[in-house]
Amino acid sequence: MKIEVLGKGCSKCELTEKLIRDAAARLGVQIELAKVTDMQKIASMGVMSTPAVAVDGKLVHSGRVPSAEQIEGWLSAA
């Protein structure tokens, strides 16, 4: 499972990345986590506000830090 955190590297983007890593470790799910900071790529994915998250190339969240429940849902769905 490839998860991308899209954003310029702000504190909310960093928190989103940490929450995803923590949830994956807690659930024992293998992930490939990448940060995307290129604004052209972020915009091409339809993101208007960050932080945003894409799972396997599909945008699943944007505009705020996701909740632990949301993250667990993404990880469990795969």
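The present account deals with the structure reproduced in this document.

### So, the sheet that holds strand S4 (residues 58–62)
Then step 1. Taking strand neighbours across the sheet as the criterion, the 4 strands line up as S2-S1-S3-S4 in an open arrangement whose pairing is mixed. Sheet topology places strand S2 (32–36) and S4 at the edges, where each strand pairs with a single neighbour. Ignoring which end each strand starts from, the neighbouring axes of this sheet average 25° apart.
Then step 2. Two strands pair when backbone bridges link them, and strand S1 (residues 2–6) and strand S3 (residues 52–55) are joined in this way by 4 bridges, in the antiparallel orientation. Directly across from Val5, in S3, lies its bridge partner Val53.
Then step 3. Helix H1 (residues 11–27) rests against S1, S2 and S3 of the sheet, and its axis sits at about 160° to S1.

### Side note on the environment of Asp56
Then step 1. In this fold, Asp56 is placed in the loop between S3 and S4.
Then step 2. When residues no more than four places from it in sequence are discounted, the contact partners of Asp56 are Met1 and Lys2.

### Points about the nonpolar core
For soluble globular proteins, nonpolar side chains are generally found buried alongside one another.
Then step 1. Membership of the largest hydrophobic core is limited to 12 residues, which are Ile3, Val5, Cys13, Ile20, Ala23, Ala24, Leu33, Val53, Val55, Ile71, Trp74 and Leu75.
Then step 2. Residues within four places of Val55 in sequence aside, it is in contact with Met1, Lys2, Ile3, Val60 and Trp74.
Then step 3. Membership of the second largest hydrophobic core comes to 6 residues, among which are Leu6, Val36, Val47 and Ala54.

### Regarding unusual backbone geometry
Then step 1. Residue Pro51 is bonded to the preceding Thr50 through a cis peptide linkage, with omega at 5°.
Then step 2. Structurally, Pro51 can be placed in the loop between helix H2 (39–44) and S3.
Then step 3. Residues other than glycine seldom take positive phi values, yet Asp56 does so here, at roughly 50°.

### Describing the side chain of Glu4
Then step 1. The residue Glu4 is located in strand S1 in this model.
Then step 2. Taking relative accessible area as the criterion, Glu4 reaches 6% and is therefore assigned buried.
Then step 3. Within polar-contact distance, the side chain of Glu4 engages the side chain of Lys41 at 3.3 Å.
Then step 4. Excluding residues within four positions of it along the chain, Glu4 makes contact with Ala34, Val36, Lys41, Met45, Ala52, Val53, Ala54 and Gly57.

Cut-offs and rules
- Residues numbered from 1 in each chain as written.
- Predicted model: local features only at pLDDT ≥ 70, side-chain atom pairs only at ≥ 80, totals over all residues.
- Heavy atoms only, no water.
- Pairing = 2+ DSSP bridges.
- Helix = DSSP H or I, 4+ residues; strand = E, 2+ residues; numbered from the N terminus.
- Axes fitted to C-alpha atoms, helices over the stretch in contact; angles between N-to-C directions.
- Contact = heavy atoms within 4.5 Å.
- Core = buried A, V, L, I, M, F, W, Y, C linked by side-chain atoms within 4.5 Å.
- Buried < 20%, exposed > 50% of the residue type's maximum accessible area, 1.4 Å probe, protein only.
- Polar contact = N/O pair within 3.5 Å; in protein donor to acceptor, adjacent residues only side chain to side chain.

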